[in-house]
Amino acid sequence: MDVVGLLRSAGLRPTQQRRALAELLFAGGGRHITAECLREDAMKAGIPVSLATIYNTLNQFTDAGLLRELAIDANKTYFDTTTHEHHHYFVEGTDEVFDIPEMELSITDLPEPPEGMEIARVDVVVRLRPKS
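Being a predicted model, the structure only gives us computed values, none of them experimental.

Thresholds applied
Within every chain, residues take consecutive numbers counted from 1 along the sequence as written. Local features in this predicted model are restricted to residues of pLDDT 70 or higher, and side-chain atom pairs are both shown and tallied only at a pLDDT of 80 or more, whereas totals for entire chains, interfaces and linings draw on every residue. The side-chain numbers reported here are obtained from all heavy atoms of the structure, hydrogens and water having been left aside. Strands were regarded as paired on the criterion that DSSP finds at least two bridges between them. To qualify as a helix, a DSSP run of H or I must reach at least 4 residues; to qualify as a strand, a run of E must reach at least 2; elements of each kind are numbered from the N terminus. Between N-to-C directions, angles span 0 to 180 degrees; the directions come from axes that are lines fitted to C-alpha atoms, helices contributing only their stretch in contact. Definition of a polar contact: a pair of N or O atoms within 3.5 Å, with one able to donate and the other able to accept a hydrogen when the atoms are protein atoms, and with sequence-neighbouring residues admitted only if both atoms are side-chain atoms. Working rule for contacts: check all heavy atoms of both residues, and any pair within 4.5 Å makes them a contact. In this scheme the handedness of a crossing depends on how the near helix is turned from the far one: anticlockwise by less than a right angle means left-handed, clockwise means right-handed. Here the term charged refers only to Asp, Glu, Lys and Arg, the term nonpolar to Ala, Val, Leu, Ile, Met, Phe, Trp, Tyr, Cys and Pro, and the term polar to all other amino acids, Gly among them.

1. Structural notes on the sheet that holds strand S2 (residues 68–73)
Alright, step 1. Strands sit in the order S1-S3-S2 across an open sheet of three strands; the sheet is antiparallel. Edge positions in the sheet fall to strand S1 (32–34) and S2, since each has one partner strand and no second. In this sheet, adjacent strand axes meet at a mean angle of 40 degrees when their direction is disregarded.
Alright, step 2. Bridging between S1 and strand S3 (residues 76–80) involves three bridges; their strand directions are antiparallel. Along S3, the bridge assignment pairs threonine 34 with tyrosine 78.

Structure, rendered in structure tokens:
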């Protein structure tokens, strides 16, 4: 993957740390990741980077449209490398996040937004747990 081109096309300067983190994020296809997990991946790959830098980079990538922030758990922020409209499963206890196949969920009959407002997006999170 041409991460330098990806970063430049998003209006971001391809610094060494951004390139390294972009390689980790985008080389393996669609991912749902937390900053802490990305830091672990970076450490394993020998990339010296602070957690603060990772958060800053993830937020910059999100602002540039390269990532989508997911509001799933109040204690963690998840980022998705797939940015088009889609919904998610969340496995309680394992914190695993994965996509709901697009054909399996249809959102209809949304309410009218209040005066002067518009719907920005709709996020559906289906929480799962193992059967007892």
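Okay, back to it.
2. Section: the side chain of aspartate 80
Alright, step 1. Checked against the element boundaries, aspartate 80 lands in strand S3.
Alright, step 2. Reaching out from aspartate 80, the side chain makes a polar contact with the backbone nitrogen of threonine 82 at a distance of 2.9 Å.
Alright, step 3. The contacts of aspartate 80, once residues within four sequence positions are left out, are Arg31, His32, Leu66, Leu67, Arg68, Leu70, His86, His88 and Asp99.

3. With respect to the packing of helix H3 (residues 35–44) against helix H4 (residues 51–63)
Alright, step 1. Relative orientation of the contacting elements H3 and H4 amounts to 115 degrees, with a least axis distance of 9 Å. As for how H3 packs across H4, the hand of that crossing is right-handed. On the side of H3, the interface is formed by Ala35, Glu36, Leu38 and Arg39, while H4 contributes Leu51, Ile54, Tyr55 and Leu58.
Alright, step 2. Here the residues of the contact of H3 with H4 are counted per class, giving six nonpolar, no polar and two charged.

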